[in-house]
Structures are given as structure tokens and as C-alpha cells.
Amino acid sequence: MRTAPETGRPDRQARAVRLGPRSVVALLLVSAVGVAAFGWPLLAGPSSQVSAHAQDAPWLFAGLLVLLVGVVAAAVSDGGVGPKAVAMLGVLAATGAALRPIGAGTAGIEPMFFLMVLSGRVLGSGFGFVLGSVTMFASALLTGGVGPWMPFQMLSMGWFTMGAGLLPGPDRLRGRAEVLMLAAYGFLAAFAYGTVMNLAGWPFLDSLSSSVAFQAGAPLHENLVRFLAYCLATSLGWDLGRAALTVVLTVTVGPALLRALRRATRRAAFEAPVTFEGTEP
């Protein structure tokens, strides 16, 4: 049995927040819709038109936002996210939203990403998805960044945080090995986040003025080459900055923050039933 290094007493494992069946169904549904919303340019047939999708963009915005809210509502109604977990969600989401404007996205200086990685690792994939989505929503309200891109950011951040909760060894891997694994995940996932978000705007470039724009009806491999060139030309610097900062913060601040999150999770005892002791007459 592991012991807490500061006390020598048995160390109770911090259990991740588990979501109920309705929450899982809602999460799978919104993820499937999100994949279609992001990937339609590469999956659509030759007869598809960008203009037709552009007219549907407001409906896609509304639909994704409703589905994301549905995931949070289902998590609360299932009981997986109870009052204690909601409090933890609020604290972490507020912290992440406050961290995001620090760099204002300059050169990828976005410190909220490392907090999402560590939180998803400790609190689990389902809670991580909810946390990532809510944090991005709160930060958009805080910075005035509300627009058709917001549901895409919420979904991408939800996937980003959820992925940390799916990493191996949540109950066994500790110490330097865990920190290095989280740093490596944060580095790769930071690039993945930027790449996925590029898909949200890339199809709407003017194809007549750019050689890297989406070409409706072009073969898949041609559009993939164009998209890769678009990512290299427009977002590589930001993605590299985001990835590097995530690694640095994970390695330096990560061990202390992981201990704090696990301590708070153990004390909250999310899955413990609430009981009231009767008083003797």
C-alpha cells in the first residue's frame, strides 16, 4: 500500500469523478456531431458547396452549443457531478478562465492549457470534458470572445482535457514519470488543438486569393496538402508557443498542483454518500 510522503500514513487514492450513462451518451453524441462539424470539408463529396455550409453555420453554432450544455446538464442530473464536484468545477473553470487572458493568445502564451491537462488527469475524462467546455465558455464571456467559433473552441478544449483523463496509469503512475507523460501529452495535444481549430475557419478562405484555401470538389489528398500548408503558414508559431509553455508549466508547477488536486479530491470524496447522524433523546 502506498503511503503519503508527508505523513507516512496510507495514501487513499483520489477517485476520478464518474459520469452516468446519460452523460456518456450525451458526450458521445456531441463528439460525433463535432467530428462532422470539423471534418466536413475533408469528408464531403465533390458536389458539396462551401456557400451552402456557410448558410448553415448559425444553425451549427446553435446546435453545438445546445449539445454542449446538454452534456453538462446530463452530468448534473445523473449525479456524477454532485454539489462538491460542481464546486470543484466552478473553481477550476474560473481559474482557467482567469489564466487565459494573461497572454491574450500572443505567440501562443495560454497558461490555461497546463491546468486543463492536470485537472483532466486527476478528475477523469468525463469530468475533464465538462471542465474544458465550461472553462472555454467562461473565458469567452470574460474576454468578449463570443462568436460562431466559440462552440468549436468549447468542443476542442473538452476533447483536450478529456484526453488527459484517458492517459494510462491513473492509480499507479506517480512522480517524475507521470509529469513527463503529462508534459508530452500537453505538447502533442496543444498542436492537435490548434490543428483542429484551423478546420473551423480554413474552408471559408477565398480560394481565388490563396493557394492554401479549401477547394470544394477537389480530391481528398489535394485538400489535405492545402490544409497542411495552411497550418504551417498560419498557426505553427502559436501552436509551438502554446506547446512549449504547457510543457514548462507542467514540469515546474505540475508536481505541486497534482498533489493539491489529489488532496482536494480525496477530501471532497465525490462518491461518498451524504449521511446524517441521528441525535439521541
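The rules behind the values
Residues numbered from 1 in each chain as written. Predicted model: local features only at pLDDT ≥ 70, side-chain atom pairs only at ≥ 80, totals over all residues. Heavy atoms only, no water. Helix = DSSP H or I, 4+ residues; strand = E, 2+ residues; numbered from the N terminus. Buried < 20%, exposed > 50% of the residue type's maximum accessible area, 1.4 Å probe, protein only. Contact = heavy atoms within 4.5 Å. Areas by Shrake-Rupley, 256 points an atom, 1.4 Å probe, with all protein chains shown as cover. Phe/Tyr/Trp six-rings, centres within 6.5 Å; stacked < 30°, edge-to-face > 60°. Polar contact = N/O pair within 3.5 Å; in protein donor to acceptor, adjacent residues only side chain to side chain. Salt bridge = Lys/Arg side-chain N within 4 Å of Asp/Glu carboxyl O. Axes fitted to C-alpha atoms, helices over the stretch in contact; angles between N-to-C directions. Parallel < 35°, antiparallel > 145°, perpendicular 65-115°, else oblique. Left-handed = near helix turned anticlockwise from the far one by under 90°. Nonpolar A, V, L, I, M, F, W, Y, C, P; charged D, E, K, R; others polar.

Caption draft 1: Expanded view of the overall build of the protein. For the protein, the count of helices and strands is 10 helices and zero strands. Burial status across the protein gives 44% buried among its 281 residues. Counting contacts in the protein only where the partners sit at least 6 residues apart, residues at least 24 apart contribute 80% of the total. Looking at the protein as shown, the accessible area adds up to about 14100 Å², and 68% of this sits on carbon and sulfur atoms.

Caption draft 2: Region of the structure containing the packing of aromatic side chains. For the structure shown, the criterion picks out five aromatic pairs. Measuring from centroid to centroid gives 5.1 Å for Phe113 and Phe160, while their planes differ by 90°, and the two rings are edge-to-face. Linking Phe113 in helix α4 (residues 112-123) with Phe160 in helix α6 (residues 150-165), this pair joins segments that are 47 residues apart in sequence. Given the relative accessible area of 1%, Phe113 is considered buried.

Caption draft 3: Structural view of the side chain of Ser133. You can see Ser133 is positioned in helix α5 (residues 125-143). Within the structure, Ser133 has its side chain in polar contact with the backbone oxygen of Phe129 (distance 3.1 Å).

Caption draft 4: A look at the pattern of salt bridges. Under the definition given, this model contains four salt bridges. Measuring nitrogen to oxygen at the nearest pair gives 2.8 Å for the salt bridge that ties Arg121 to Glu178. Of the two residues, Arg121 sits in helix α4 while Glu178 sits in helix α7 (residues 176-201), which places them 57 residues apart along the sequence. Of the two residues, Arg121 and Glu178, neither departs from the other in class, the shared state being buried. Two residues, Arg242 and Asp239, come together in a salt bridge whose shortest N-O distance is 2.8 Å. On the criterion of helical spacing, the pair formed by Arg242 and Asp239 is a turn pair, its members being three residues apart in helix α9 (residues 236-252). On the accessibility criterion, Arg242 (7% relative accessible area) is buried. Salt bridges linked by common partners bring Glu110, Asp239 and Arg242 together as one network.

Caption draft 5: How the structure looks around the packing of α6 against α7. It is the contact of α6 with α7, at a shortest axis distance of 10 Å, that shows an interaxial angle of 160°. In terms of orientation, α6 lies roughly antiparallel with respect to α7. As α6 packs across α7, the resulting crossing turns out to be right-handed. Listed contacts from α7 to Phe152, Gln153, Ser156, Met157, Trp159, Phe160, Gly163 and Ala164 of α6 are Tyr185, Gly186, Ala189, Ala190, Tyr193, Val196, Met197 and Ala200. Here the contact of α6 with α7 is composed, by residue class, of 12 nonpolar, four polar and no charged.

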